[in-house]
Amino acid sequence: MADCVILLDHRVEGQTATRRLRIIKYRGSTHGTNEFPFLIDEAGISVLPVTSIGLTHMAGTERVSTGVPRLDR
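Residues numbered from 1 in each chain as written. Predicted model: local features only at pLDDT ≥ 70, side-chain atom pairs only at ≥ 80, totals over all residues. Heavy atoms only, no water.

Caption draft 1: Structural detail: the pairing of strand β4 (residues 44-47). The pairing of strand β3 (residues 36-41) with β4 spans 4 bridges and is classified as antiparallel. Directly across from Ile40, in β4, lies its bridge partner Ile45. The antiparallel hairpin formed by β3 and β4 contains 2 residues in its connecting segment. (Pairing = 2+ DSSP bridges. Helix = DSSP H or I, 4+ residues; strand = E, 2+ residues; numbered from the N terminus.)

Caption draft 2: Quick peek at the sheet that holds strand β1 (residues 4-13). Sheet architecture is open: 4 strands sit in the order β1-β2-β3-β4, paired in antiparallel fashion. For this open sheet the edge positions go to β1 and β4, each flanked by a neighbour on one side alone. Each strand axis lies, on average, 35° off the axis of its neighbour in the sheet, ignoring direction. (Axes fitted to C-alpha atoms, helices over the stretch in contact; angles between N-to-C directions.)

Caption draft 3: Spatial organisation of the pattern of salt bridges. For the structure shown, the criterion picks out 4 salt bridges. The salt bridge involving Asp9 is made with Arg11; its shortest N-O contact spans 2.5 Å. Judged by its relative accessible area of 24%, Asp9 is partly exposed. Classification of Arg11 as partly exposed rests on a relative accessible area of 27%. (Salt bridge = Lys/Arg side-chain N within 4 Å of Asp/Glu carboxyl O. Buried < 20%, exposed > 50% of the residue type's maximum accessible area, 1.4 Å probe, protein only.)

See the structure below:
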C-alpha cells in the first residue's frame, strides 16, 4: 500500500527532451491527473503547471547584432 504514487517520465520528441510528472494516486486528496513539465536543478525540483506559463513582461524591441553584417541588414 502507498499513500502517494508519482510517475516521473523523460521523453524525447524530435530533438527536444521533456521531463513530466503525473500524480497517479494521492490518498485522501483530490488531485489533477494531467502531466506537468518539471525541471531539476541545484535548488531541487520545480513543477511547471501549463496554466501558469505566460508572458508577464513586454518583449524588447532593441536590435541585437548577429555578428554577420548581411544578416543584420
